[in-house]
Amino acid sequence: MQNLSSEQIAWLAATFGNRMTTRRVERKLYSHDIGEMPSMIKPLIGTPMADALVQPASEAELLALVQWAVQENVPLIPRGKATSGYGGVLPVKGGVVVDFFRMDKVLAINIEAQTATLQPGIVWEKADRELKKQGMTLRTYPSSYPSSTAAGWLAQGGAGFGSL
Ligand SMILES: Cc1cc2nc3c(=O)[nH]c(=O)nc-3n(C[C@H](O)[C@H](O)[C@H](O)COP(=O)(O)OP(=O)(O)OC[C@H]3O[C@@H](n4cnc5c(N)ncnc54)[C@H](O)[C@@H]3O)c2cc1C
């Protein structure tokens, strides 16, 4: 069942162009993560199905999306690489999956302060490659470093190599 109105779909299409889809096959793919929910949990969450999928490319676009979603009362489900496996990316109330695939840059590196400013969808391995160009490296990272994002890890309360 599609929960978005035709006006809402039109707004998403006008804002995101070909970085938005309501194709059923895509919505189904983006309604899963890497894990398999335990059988005791499955009945509680039903069969999650996103209503649409978007890929913002800038902070301004993301801001517009959040303002729209609040106004329209549409759930947003942020998604990195879906490696957490705990169901955080499942659209249990429908809504719009926000795939951070295109927001994957290092915005700034401050060698003196030993900090980096990253876009949310950057994969750790890429961030580390950029840091190494400046003679730096990550202080801590998950073992899913080749395929998980900075924001997904932070939102998940991650730990990993170097945490201790
Ligand atoms: C082989 C393997 C090894 C792993 N090793 C570790 C490890 O050493 N340490 C560890 O902590 N975890 C580990 N994990 C779990 C997982 O990889 C990490 O938690 C990872 O950092 C999640 O990143 P992700 O991009 O896949 O996030 P996702 O699974 O896509 O998202 C995780 C949560 O963050 C939210 N989220 C994603 N992006 C945003 C955003 N931009 N804004 C707000 N919320 C957002 C999602 O809604 C979801 O609730 C491992 C997993 C695998 C498969």
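Residues numbered from 1 in each chain as written. Predicted model: local features only at pLDDT ≥ 70, side-chain atom pairs only at ≥ 80, totals over all residues.

All right, on to the overall build of the protein then. A tally of helices and strands in the protein yields six helices and six strands. Counting from the amino terminus, the protein carries its helices and strands in the arrangement α-β-α-α-β-α-β-β-β-β-α-α. Taking all 164 residues of the protein together, the buried fraction comes to 27%. Across the protein, the fraction of contacts at a sequence separation of at least 24, relative to all contacts at a separation of at least 6, is 53%. (Helix = DSSP H or I, 4+ residues; strand = E, 2+ residues; numbered from the N terminus. Buried ≥ 20, exposed ≤ 12 C-beta atoms within 10 Å, placed from the backbone. Contact = placed C-beta atoms within 7 Å.)

What follows covers the sheet that holds strand β2 (residues 52-54). Across the sheet, which stays open at both edges, the four strands sit in the order β1-β2-β4-β3 with mixed pairing between neighbours. Since the sheet does not close on itself, it has two edges, and those belong to β1 (20-21) and β3 (76-79), each with one partner. Strand direction decides the pairing type here: β1 and β2, joined by two bridges, are antiparallel. Each bridged residue has a counterpart across the sheet, and for M20 the counterpart in β2 is V54. Packed on one face of the sheet, helix α1 (residues 6-16) meets β1 and β2 and runs near 20° to β2. (Pairing = 2+ DSSP bridges. Axes fitted to C-alpha atoms, helices over the stretch in contact; angles between N-to-C directions.)

Attention shifts here to the site of the ligand. Around the ligand, a shell composed of 27 residues is seen, among which G80, G88, G152, W153 and G158 lie nearest. For the shell around the ligand, the element with the most residues is helix α6 (residues 150-155), which contributes four residues. Each of two domains, domain 1 (6-102) and domain 2 (106-155), supplies a minimum of three residues to the shell around the ligand. (Near = placed C-beta within 6 Å. Domains from an automatic or database assignment.)

With that out of the way, let us pick up the environment of P146. Along the chain, P146 falls in the loop between α5 (124-132) and α6. Along the primary structure P146 and W124 are separated by 22 residues, whereas in three dimensions their C-alpha atoms are 6.5 Å apart.

In regular strands, side chains alternate between the two faces of the sheet. Burial of β3 is one-sided: the residues I77 and R79 facing one way are buried, the residues L76 and P78 facing the other way are not. With four bridges joining them, β3 and strand β4 (residues 96-99) adopt parallel strand pairing. Its bridge partner lying in β4, P78 is registered against V98.

Attention now moves to the pairing of strand β6 (residues 115-118). Where burial is concerned, the two faces of β6 differ: the one with A116 and L118 is buried and the one with T115 and T117 is not. Strand direction decides the pairing type here: strand β5 (residues 106-110) and β6, joined by four bridges, are antiparallel. Bridged to V106 within β6 is L118. Counting the residues in the hairpin turn of β5 and β6 gives four residues, including Q114, whose phi is positive at 55°.

So, on to the environment of S84. Here S84 is to be found in the loop between β3 and β4. According to the C-beta neighbour criterion, S84 is buried, with 22 such atoms within 10 Å. Each C-alpha atom of the pair S84 and W153 lies 8.0 Å from the other, and the pair is 69 residues apart in sequence. Excluding residues that lie within four positions of it along the chain, S84 makes contacts with D33, G152 and Q156.

Turning our attention to the domain arrangement of the protein. Domain annotation for the protein reports domain 1 (6-102) and domain 2 (106-155). If you average the C-alpha positions of domain 1 and of domain 2, the two centres end up 24 Å apart. In this complex, domain 1 contributes seven residues to the contact, which on the side of domain 2 involves nine residues. Among the residues making up the side of domain 1 that touches domain 2, the classes are represented as two nonpolar, three polar and two charged. (Nonpolar A, V, L, I, M, F, W, Y, C, P; charged D, E, K, R; others polar.)

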